[in-house]
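Summary of the model geometry
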Amino acid sequence: MQSQLKEFGLGATAACGACLFTNPLEVVKTRMQLQGELKARGTYAKHYKNVFHAFYTIGRFDGLRSLQSGLAPALVYQAVMNGCRLGSYQVFTNLKLTANSEGKLQFWRCLIAGAVSGAIGAFLGSPAYMVKTHLQAQATDTIAVGFQHKHSGFVQALSGIYQQFGIKGLWRGVSGALARVMVGSGVQLSTFSTTKERIMQMNYFPERSLLIPISASMISGVAVVTCMTPFDVVSTRLYNQGTSASGKGLLYRGFVDCFVKIFKQEGVMGFYKGVGPHYFRVGPHTILSLLFWDQLRMFSTSMGMLEQN
């Protein structure tokens, strides 16, 4: 039991370490995903033309500090979500649920284990992710996109949402988060685990070389962005939409309704808004979080803190 709890702690530490570096890209990605919401291409002004222009625009109008907007809830989310996700996945691995009878990892087993682990983490971390999205979308009127929630900070936002809508309000939009993280986690952990094992078998690098997890993480990052971006856009829209006095969304009734409306109004490319910053964010975040996780586990095992698999 103690060893399993340490797995969750290692996952949380690795994810928070990566978040400190990638949160500015998350701010840019959120703004670009909300830009032109439910509007056809060419019918709205683009405040953010690309990831580099977005960095410049946000820094110019909102100040450089705004590029770290939502950092507190982002760190809480990473600790809760990825602590549960990476920790649960490693527990599944330790229990040999991701391997066949011969002890070799199987992609479909890893995929299911990653998706289940992701769903657990996404549900528990949903309130923090919602507030993160609200805070990162807040901007001066000149460059504002999407609904503007007037929160002064993380704690105030949680308190205000709870007082107005109750415990249910803190989990509004969770349907989009579950789909987003199940797809992203399933793809990420399965491709990372199986790719890492394959690279080790090929003996391209020394046994404990950092290039092994880095190479596996880079491949995993490309797969994640390709599969996850449409669900990420839907999740951002569901979390950030305004609500009526009763707590119902003003634009979308739920995941399917949001998916259909984006397709009808914005076309297929609407699902890939913000794909640039999403790639630049998910790529480094995947590499850093999985690298930190892998190295922390190796260090803990060598120090006798974890049992050798």
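Residues numbered from 1 in each chain as written. Predicted model: local features only at pLDDT ≥ 70, side-chain atom pairs only at ≥ 80, totals over all residues. Heavy atoms only, no water.

Per the UniProt entry, the sites bearing "repeat: Solcar" (unreviewed entry) are residues 2-95, 105-198 and 208-299 in this numbering. Between the C-alpha atoms that bound residues 105-198 there is a distance of 10 Å. The span itself is 77% helix and 0% strand. (UniProt positions renumbered as here; feature names shortened; annotations may be inferred. Helix = DSSP H or I, 4+ residues; strand = E, 2+ residues; numbered from the N terminus.)

Grouped burial of nonpolar side chains is what soluble globular proteins tend to show. Residues Tyr77, Val131, Ile161, Val181 and Tyr239 are the most contacted members of the largest nonpolar core, which totals 15 residues. Elements with a contribution of two residues or more to this core: α3 (71-94), α4 (107-137), α5 (154-169) and α6 (174-202). No other element matches the six residues that α4 contributes to this core. Among residues more than four places away in sequence, those in contact with valine 131 are Pro73, Phe154, Ala157, Leu158 and Ile161. (Core = buried A, V, L, I, M, F, W, Y, C linked by side-chain atoms within 4.5 Å. Buried < 20%, exposed > 50% of the residue type's maximum accessible area, 1.4 Å probe, protein only. Contact = heavy atoms within 4.5 Å.)

On to unusual backbone geometry. In this model, leucine 38 sits at a positive phi of 55°, which is unusual for a non-glycine residue. Inspection of the secondary structure assignment puts leucine 38 in the loop between α1 (2-34) and α2 (51-62). A positive phi angle, near 65°, is found at lysine 96, a position not held by glycine. Within the secondary structure, lysine 96 sits in the loop between α3 and α4.

One can describe the packing of α3 onto α4 by two numbers: an axis separation of 8 Å at closest approach and a directional angle of 170°. As judged from the angle between their axes, α3 and α4 are roughly antiparallel. Split into classes, the residues belonging to the contact of α3 with α4 amount to 19 nonpolar, six polar and two charged. (Axes fitted to C-alpha atoms, helices over the stretch in contact; angles between N-to-C directions. Parallel < 35°, antiparallel > 145°, perpendicular 65-115°, else oblique. Nonpolar A, V, L, I, M, F, W, Y, C, P; charged D, E, K, R; others polar.)

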